[in-house]
Amino acid sequence: MASVFENVTAAPADIIFALTADYKADPNPSKVNLGVGAYRTEEGKPWVLPVVHKADHIMVDDENLDHEYLPILGLENFRKASAKLILGADSKAIAEGRVGAAQCISGTGAVYAGAHFLSKHYPFKSAACYISKPTWANHRAIFEGVGIPVLEYPYWDAETKGLDLQGMLGAMEAAPSGSIFLLHPCAHNPTGVDPTPDQWKQIADVMESKGHFTFFDTAYQGFASGSLDKDAYSVRYFVERGFEMFIAQSFSKNFGLYSERAGNLTIVARTPEIKNKIESQIAKAQRAVISNPPAYGSRVVSLVLNDETLYKEWEGNLSTMANRIISMRQALFDELKNLGTPGTWNHIVDQIGMFSFTGLTTPQVKVLKEKYHVYLTDNGRISMAGLNTKNVKYFAQAVDDVVRNH
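In what follows, the accompanying structure is described. All values derive from a computational prediction rather than experimental measurement.

### Section: the overall build of the protein chain
Okay, so step 1: Of regular secondary structure, the protein chain possesses 17 helices and 13 strands.
Okay, so step 2: On C-alpha atoms alone, the protein chain measures out to a radius of gyration of 22 Å, which is about the 22 Å that the 2.2 N^0.38 rule sets for 406 residues.
Okay, so step 3: Projected onto the principal axes, the alpha-carbon positions of the protein chain cover approximately 65 × 60 × 55 Å.
Okay, so step 4: For the protein chain, buried positions account for 54% of its 406 residues.

See below:
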């Protein structure tokens, strides 16, 4: 009998995971992986945060912990601590009871939970979700997957290698009132370019005047600058301005819990009653998709966020990661400057967070892979965490070659 699935076409491989597979299969000893968005030590190894090690041991020794189901919306202490982390301990919205939360399958699940809710309950039924050009590839897939049309707003200015603020504001002005705008609060992926506080004010002004819905996706709080409060500035500013919003939070990067999928969707509503209704609908939808979220990662995060001593240690761990990334930016910039590599490279140190949009072209990236065994995405994005004192000179020399000759 013929298969009923005979006409199914094969989906293309995920770009990042395929890139990692190619890197692992490459026997060249000089190979460099600048594709994966995960922190690496100076030795190029994954790092389990010391505070996470401590939390692991505390949990193992806790005889009161069991493996029973969590509530559908997740671990309550985790949800509340996550909302407090992004909104601030003195948040007026929290004090007024307008903040809700749902534990999700990391940041991806949080974006999905928010997008799915909007697809069912957002009153502007034909509203599109506007994502930055460029953005994390999964943003488009998630919103299109729930039936919300996806459009783009300008973000990256190839000339200045910075923010195209006027293009961004122009797109917001031109978009139909009530459109959904997905914004990165800090460490924009993939460019590493963030608006300044004054630019966030201009963005908020247009968002408010047009009645657009704000959807923040934050995967790097504390990891970007080393300061949890600084990295949350944009979100807290929008809350102060009175916006309703969704905030997807991931703890993969800032806790190093990549495989544990600890995430949260924080909801800032107009009233406590509306917040309760939104939570109920998200719980209903979550029950049908995952039934309830996993406990381990959320327990680690909750333990650290709710313990003053562990929290302070976590801040120190964040500084360690952020400062190493910043030092690698400076080292790469210095190497390119010493080589006299054509072009301006200030953007390497001006950008922030794990990623840098180098400005390298797709043909240049191809040469880097084939000639130098350096793995990065075709759009020229590199993960700064993949650089260390042993390979930064090699990478800079490779970049110098492709810029001069390709």
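### Regarding unusual backbone geometry
Okay, so step 1: Geometrically, the link from K133 to P134 is a cis peptide bond, its omega value of 5° lying close to zero.
Okay, so step 2: Position of P134 relative to the elements: it lies in the loop between strand 3 (129-133) and helix 6 (137-145).
Okay, so step 3: Following N189, the chain continues to P190 via a peptide bond in cis, the omega torsion being 20°.
Okay, so step 4: Looking at where P190 falls in the secondary structure, it is placed in the loop between strand 7 (180-183) and helix 8 (197-210).

### Here we look at the sheet that holds strand 3
Okay, so step 1: With respect to topology, 7 strands assemble into an open sheet ordered 2-10-9-8-7-3-4, the strand pairing being mixed. Edge strands, defined here as strands with exactly one partner in the open sheet, are strand 2 (99-105) and strand 4 (150-154). Taking the axes of each pair of neighbouring strands and ignoring which way they run, one obtains an average angle of 25° across the sheet.
Okay, so step 2: Of the pairings in the sheet, the one linking strand 8 (residues 213-218) to strand 9 (residues 245-250) comprises 5 bridges and is parallel in character. Directly across from F215, in strand 9, lies its bridge partner F246.
Okay, so step 3: Contacts from helix 3 (residues 76-87) reach strand 2, strand 8, strand 9 and strand 10 (262-268) within the one sheet, and its direction differs from that of strand 10 by about 65°.

### So, the nonpolar core
Okay, so step 1: With 59 residues, the main nonpolar core has F255, W314 and L332 as its most contacted residues.
Okay, so step 2: Residue assignment for this core shows that the elements contributing at least two residues are helix 2 (50-60), helix 3, helix 13 (296-305), helix 14 (308-339), helix 16 (362-372) and helix 17 (392-405).
Okay, so step 3: In terms of residue count, the dominant contributor to this core is helix 14 (9 residues).
Okay, so step 4: Not counting chain neighbours up to four residues away, the residues in contact with L332 comprise I348, I382, M384, L387, V392, F395 and A396.

### Thoughts on helix 3
Okay, so step 1: If you check helix 3, its first and last C-alpha atoms are 17 Å apart, about what 12 residues at 1.5 Å a residue would give, namely 16 Å.
Okay, so step 2: Those residues of helix 3 that sit buried are F78, R79, A81, S82, A83, L85, I86 and L87.

### Some thoughts on a nonpolar patch on the surface
Okay, so step 1: Where nonpolar side chains cluster on the molecular surface, the patch consists of V4, F5 and V8 and spans about 380 Å² of accessible area.
Okay, so step 2: The residue V8 is located in the segment before helix 1 (15-25) in this model.
Okay, so step 3: By relative accessible area, V8 is classed as exposed at 59%.

### Side note on the packing of aromatic side chains
Okay, so step 1: A full pass over the atoms with the stated rule returns 26 aromatic pairs.
Okay, so step 2: A ring pair is formed by W156 and F357, whose centres lie 4.8 Å apart and whose planes are at 85°; its orientation type is edge-to-face. Of this pair, W156 sits in strand 5 (residues 156-157) while F357 sits in strand 11 (residues 355-357), and the two are 201 residues apart along the sequence. Per residue, the accessibility class of W156 equals that of F357, and both read buried.
Okay, so step 3: Geometrically, the ring pair formed by F215 and F246 is edge-to-face, given 5.8 Å between the ring centres and 90° between the ring planes. In this pair, F215 sits in strand 8 while F246 sits in strand 9, placing the two residues 31 residues apart along the sequence.
Okay, so step 4: The exposure class of F215 is buried, given its relative accessible area of 0%.

### Looking at the pairing of strand 8
Okay, so step 1: Of all the 6 residues making up strand 8, 6 are buried; the element is thus mostly covered by neighbouring parts of the structure.
Okay, so step 2: Residues F213, F215 and D217 point to one face of strand 8 and T214, F216 and T218 to the other, with burial holding for every one of them.
Okay, so step 3: Inspection of the sheet shows strand 7 paired to strand 8 by 4 bridges, in the parallel sense. By the bridge assignment for strand 8, L183 is matched with F216.
Okay, so step 4: One crossover worth recording links strand 7 to the parallel strand 8 by way of helix 8, and it is right-handed.

Conventions and cut-offs
- Residues numbered from 1 in each chain as written.
- Predicted model: local features only at pLDDT ≥ 70, side-chain atom pairs only at ≥ 80, totals over all residues.
- Heavy atoms only, no water.
- Helix = DSSP H or I, 4+ residues; strand = E, 2+ residues; numbered from the N terminus.
- Rg over C-alpha atoms; globule rule 2.2 N^0.38 Å.
- Buried < 20%, exposed > 50% of the residue type's maximum accessible area, 1.4 Å probe, protein only.
- Pairing = 2+ DSSP bridges.
- Axes fitted to C-alpha atoms, helices over the stretch in contact; angles between N-to-C directions.
- Contact = heavy atoms within 4.5 Å.
- Core = buried A, V, L, I, M, F, W, Y, C linked by side-chain atoms within 4.5 Å.
- Expected span 1.5 Å × (residues − 1).
- Patch = residues over 30% accessible without salt bridge, like charges linked within 9 Å, V, L, I, M, F, W, Y side chains within 5 Å.
- Areas by Shrake-Rupley, 256 points an atom, 1.4 Å probe, with all protein chains shown as cover.
- Salt bridge = Lys/Arg side-chain N within 4 Å of Asp/Glu carboxyl O.
- Phe/Tyr/Trp six-rings, centres within 6.5 Å; stacked < 30°, edge-to-face > 60°.
- Right-handed = clockwise from strand over helix to strand, strands pointing away.

Purely geometric stuff here, so don't read any function into it on its own.
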